[in-house]
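Chain by chain, the residues run as shown.
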Amino acid sequence: MKLVTAIIRPFKLDDVKDALSAIGVMGMTVSEVKGFGRQKGHTEIYRGAEYAIDFIPKTKIEVAIADDVLDKVVDAIVESAKGNKVGDGKIFVTDLENVIRIRTGEIGQEAI
């Protein structure tokens, strides 16, 4: 099992959700986060004063999946979140040791 974590631009969330639903992903966790990478933030002018915005709003998506659908999930996220610009985001794939569904007690892949 894998945990796929994607950091994307907030306005791409619906596209990514639709793409993952289309390939059968049953659930996901979504969080509003802030951060920076190569973008290094930006400056904005408000009421004549310039402010440095160091942390840029992003959306974090976490999806627990079976190993055999990893390539489909990664491809779906890349294709639906891509804007060909710096700041489009990143995808992190980590091994998932175990999953337990609290309601039923199911363990492992059955709990996904």
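Up top you'll find the structure we're talking about.
Here is a short report on the structure shown in this document. (Residues numbered from 1 in each chain as written. Predicted model: local features only at pLDDT ≥ 70, side-chain atom pairs only at ≥ 80, totals over all residues. Heavy atoms only, no water.)

### Describing the overall build of the chain
We apply this condition: Helix and strand assignments come from DSSP, with helices taken as H or I runs of at least 4 residues and strands as E runs of at least 2, each series counted from the N terminus. The size measure is the radius of gyration over C-alpha atoms, and the globule rule it meets is 2.2 Å times the number of residues to the 0.38 power. Burial here depends on accessible area, computed with a 1.4 Å probe over protein chains only, as a share of the maximum for the residue type. Under 20% is buried, over 50% is exposed, and the range in between is partly exposed.
Helix and strand counts for the chain come out as two helices and six strands. Taking 112 residues into account, the globule formula puts the C-alpha radius of gyration at 13 Å, and the chain, at 17 Å, lies well above it. Expressed along its principal axes, the backbone C-alpha trace of the chain runs to roughly 60 × 25 × 20 Å. Out of the 112 residues in the chain, the part that is buried amounts to 28%.

### Quick notes on the sheet that holds strand β1 (residues 2–8)
The criterion, for reference: The criterion for strand pairing is that DSSP finds at least two bridges linking the strands in question. In this analysis, axes come from line fits to C-alpha atoms, helices being fitted only over the stretch in contact, and the angle between any two N-to-C directions falls in the range 0 to 180 degrees.
Spatially, the four strands line up as an open sheet ordered β2-β5-β1-β6, and their pairing is antiparallel. Only two strands of the sheet have a single neighbouring strand rather than two, namely β2 (29–35) and β6 (89–95). Taking the axes of each pair of neighbouring strands and ignoring which way they run, one obtains an average angle of 20° across the sheet. The sheet contact formed by β1 and β6 spans seven bridges and is antiparallel. Its bridge partner being in β6, Ala-6 is matched across the sheet by Ile-91.

### Re the packing of helix α1 (residues 13–22) against helix α2 (residues 70–81)
Which entries qualify depends on this criterion: Here the word oblique covers every angle except those under 35 degrees (roughly parallel), over 145 (roughly antiparallel) and from 65 to 115 (roughly perpendicular). Should the near helix be turned counterclockwise from the far one by less than a right angle, the crossing is left-handed, whereas a clockwise turn marks it as right-handed. Working rule for contacts: check all heavy atoms of both residues, and any pair within 4.5 Å makes them a contact. Polarity classes work like this: nonpolar for Ala, Val, Leu, Ile, Met, Phe, Trp, Tyr, Cys and Pro, charged for Asp, Glu, Lys and Arg, and polar for all others, with Gly in that last group.
One can describe the packing of α1 onto α2 by two numbers: an axis separation of 9 Å at closest approach and a directional angle of 150°. One finds that α1 runs roughly antiparallel with respect to α2. Remark: the crossing between α1 and α2 carries right-handed chirality. Only Val-73, Ala-76, Ile-77, Ser-80 and Ala-81 of α2 make contact with α1, whose side of the interface consists of Asp-15, Val-16, Ala-19 and Leu-20. Class assignment for the residues of the contact of α1 with α2 results in seven nonpolar, one polar and one charged.

### Quick word on the pattern of salt bridges
Keep this limit in mind: A pairing counts as a salt bridge when a side-chain nitrogen of Lys or Arg comes within 4 Å of a carboxyl oxygen of Asp or Glu.
All told, the structure shown has five salt bridges when counted by the stated rule. Notably, a salt bridge pairs Lys-2 with Asp-95, separated by 2.3 Å at the nearest N-O pair. Remark: Asp-95 occurs in strand β6 and Lys-2 occurs in strand β1; sequence separation between them is 93 residues. Residue classification places Lys-2 among the buried residues on the basis of a relative accessible area of 19%. Its relative accessible area of 62% is what places Asp-95 among the exposed residues.

### Here we look at α2
Going by this rule: The span expected for a helix works out to 1.5 Å for each residue beyond the first. What the arc measures is the spread of directions leading from the helix axis to the C-beta atoms.
A rise of 1.5 Å per residue sets the reference length of α2, with its 12 residues, at 16 Å; its end C-alpha atoms lie 16 Å apart and thus fit the reference within 8%. Residues of α2 that are buried: Leu-70, Val-73, Ala-76, Ile-77, Ser-80 and Ala-81. Buried residues in α2, looked at end-on, bunch into an arc of 135°, giving them a common side. α2 presents Asp-71, Lys-72 and Glu-79 as exposed residues on the side facing more than 90 degrees away from its buried surface. Those residues of α2 hidden inside the fold are in contact with β1, α1, β5 (56–65) and β6.

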